[in-house]
Amino acid sequence: MSRPPYVTTGRYAPPAPRRELTVTSADGSRLHAEVHGPEDAPAVVLAHGWTCSTAFWAPVVRELAAEHKVVVYDQRGHGRSPAAGPGGYSTDALADDLEAVLAAALEPGERAVLAGHSMGGMTAMAAARRTGMRERAAAVLLCSTGAADLAAEAMVIPLRSPGARRFAHRAVLGSRAPLGPVTPPAKRVLKYATMGPAATPEQIEACARIVHACPSGVRAQWGKVLAGLELTGEVARLEVPTAIVAGTADRLTPIVLARRLASVLPHCLGLTELPGLGHMTPIEAPDAVADRIRELVRDHLTAAAPESAAVAPKQKTKARRAREAKEKSA
């Protein structure tokens, strides 16, 4: 009997959502989304990275869901979101999907703190000029990500020349080779490429199951997008308050990329460098990531709530009743 795709017990097992929804993006692509925590609590939206899924955020969701409305969704082709059709893989598609999730999962007028890991952070950057992003995002947390030059700066294949690294990493990013079952050698490779030296067996197991569950074709399609990524101009337009978290031992998106982000962002709230941690910060350091999200909620979401307190509850109640009636009739 094959093992389930994700771990099923412990801190890294995906918690059961309060509700699930199917979101339709601009090109008709369907996205799986989940809502955890109280409906009327401050909202947090989490976007996962390349080859991951909603399961990747499990320990952070567990930290936040008692006092926050936490929305997670599967990027197209990942988790329970179907693969896109031809031409459906681009940074514009990432931005379309995020706007669709924000519109579907949040109430009218409701704002949220958005946290994106790796490709999820790139999603926030790609959406910087979108109306939905500007109206819905109260603050942003970028985890272990970069805006450009990923293939040249990555150190998974530690060649001395940036040009040689670019060539080698582009080949890896675009590969359709299947990863195969989660075996001890496979976990050693994943730990080397994506995690810090102190990653625990439980963390490695959780990450390996998630990454190996990603279809190879989807992995290759998005890998090609990442290999040619250029979002520096979009970062300069990400005007909402934005914080950054990155591990100093990250081989996929090295700390130099986080420092470049900090130098370009119009409203940077600082870079938190996590010593010795790798690329998978929400699993390697879920407490640190959750604490930074809580700070953003406190400073940029709930602090502004009294301004609209007179109208927000009525808007939420009306919208919720309409949604519940629609779900009941379906």
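Cut-offs and rules
Residues numbered from 1 in each chain as written. Predicted model: local features only at pLDDT ≥ 70, side-chain atom pairs only at ≥ 80, totals over all residues. Heavy atoms only, no water. Core = buried A, V, L, I, M, F, W, Y, C linked by side-chain atoms within 4.5 Å. Buried < 20%, exposed > 50% of the residue type's maximum accessible area, 1.4 Å probe, protein only. Helix = DSSP H or I, 4+ residues; strand = E, 2+ residues; numbered from the N terminus. Contact = heavy atoms within 4.5 Å. Disulfide = S-S within 2.5 Å. Pairing = 2+ DSSP bridges. Axes fitted to C-alpha atoms, helices over the stretch in contact; angles between N-to-C directions. 1 Å grid on protein atoms, 1.4 Å probe; cavity = no way out; pocket = protein on both sides within 12 Å on 5 of 7 lines; lining within 4 Å. Points joined across faces, edges and corners; volume = space filled by probe spheres on them. pLDDT = per-residue confidence, 0-100.

A. How the structure looks around the nonpolar core. Residues Met122, Met125, Met133, Val140 and Trp222 are the most contacted members of the largest nonpolar core, which totals 55 residues. Tallying contributions element by element places helix H2 (residues 91-105) first for this core, with seven residues. With residues near it in sequence (within four places) discarded, Met125 still touches Leu142, Thr145, Gly146, Ala147, Leu231, Glu234, Val235 and Leu261. Residues Leu46, Ala139, Cys143 and Leu274 belong to the second largest nonpolar core, which totals 26 residues.

B. Structural view of the state of the cysteines. This model, assessed by the stated rule, comprises zero disulfides. Not part of a disulfide, Cys268 finds its nearest cysteine sulfur in Cys143, a span of 13 Å.

C. Layout of the sheet that holds strand S7 (residues 242-247). Read across the sheet, eight strands follow the order S1-S2-S4-S3-S5-S6-S7-S8 without closing on themselves; strand pairing throughout is mixed. Two strands lie at the open edges of the sheet, namely strand S1 (19-24) and strand S8 (268-274), each paired on one side alone. With strand direction ignored, the average angle separating the axes of adjacent strands in the sheet is 20°. Pairing analysis gives six bridges linking S1 to strand S2 (residues 30-36), with the strands arranged antiparallel. Its bridge partner being in S2, Leu21 is matched across the sheet by Ala33. Each of strand S3 (43-47), strand S4 (69-73), strand S5 (112-117) and strand S6 (137-143) touches helix H3 (residues 119-126); the most contacted strand, S5, lies at about 130° to it. Along the sheet, helix H11 (residues 255-264) contacts S6, S7 and S8; its crossing angle with S7, the most-contacted strand, is approximately 165°.

D. Local environment of the environment of His300. If you trace the backbone, His300 turns up in helix H13 (residues 286-300). Considering only alpha carbons, one finds His300 and Ala137, 163 residues apart in sequence, at a separation of 9.6 Å. Not counting residues up to four positions away in its chain, the partners in contact with His300 are Ala138, Ala139, Pro241 and Leu269.

E. Spatial organisation of the pairing of S2. Burial analysis of S2 places six of its seven residues in the buried class, which makes it a mostly covered element. The turn linking S1 back onto S2 is made up of five residues, and Gly28 within it adopts a positive phi angle of 90°. Where S2 lies against S4, four bridges are found, and the strand directions are antiparallel. Note on S4: the bridge partner recorded for Val35 is Val71.

F. Highlighting the layout of surface pockets. Here the largest pocket is characterised by a volume of approximately 670 Å³. If you go around the largest pocket, you meet 29 residues; those closest to its centre are Trp50, Val172, Ala193, Thr194 and Leu252. Elements that contribute at least two residues to the lining of the largest pocket include exactly helix H5 (150-153), helix H6 (162-173), helix H7 (184-194), helix H8 (201-212) and helix H9 (216-227). When residues of the lining of the largest pocket are assigned to their parent elements, the largest contribution, six residues, is made by H7.

G. Geometry of the confidence of the model for the chain. Per-residue confidence for the chain gives a mean pLDDT of 92, with 91% of residues at or over 70. This stretch, residues 306-330, has a pLDDT under 50; its non-local contacts, to residues over four places away or in other chains, come to 14 contacts.

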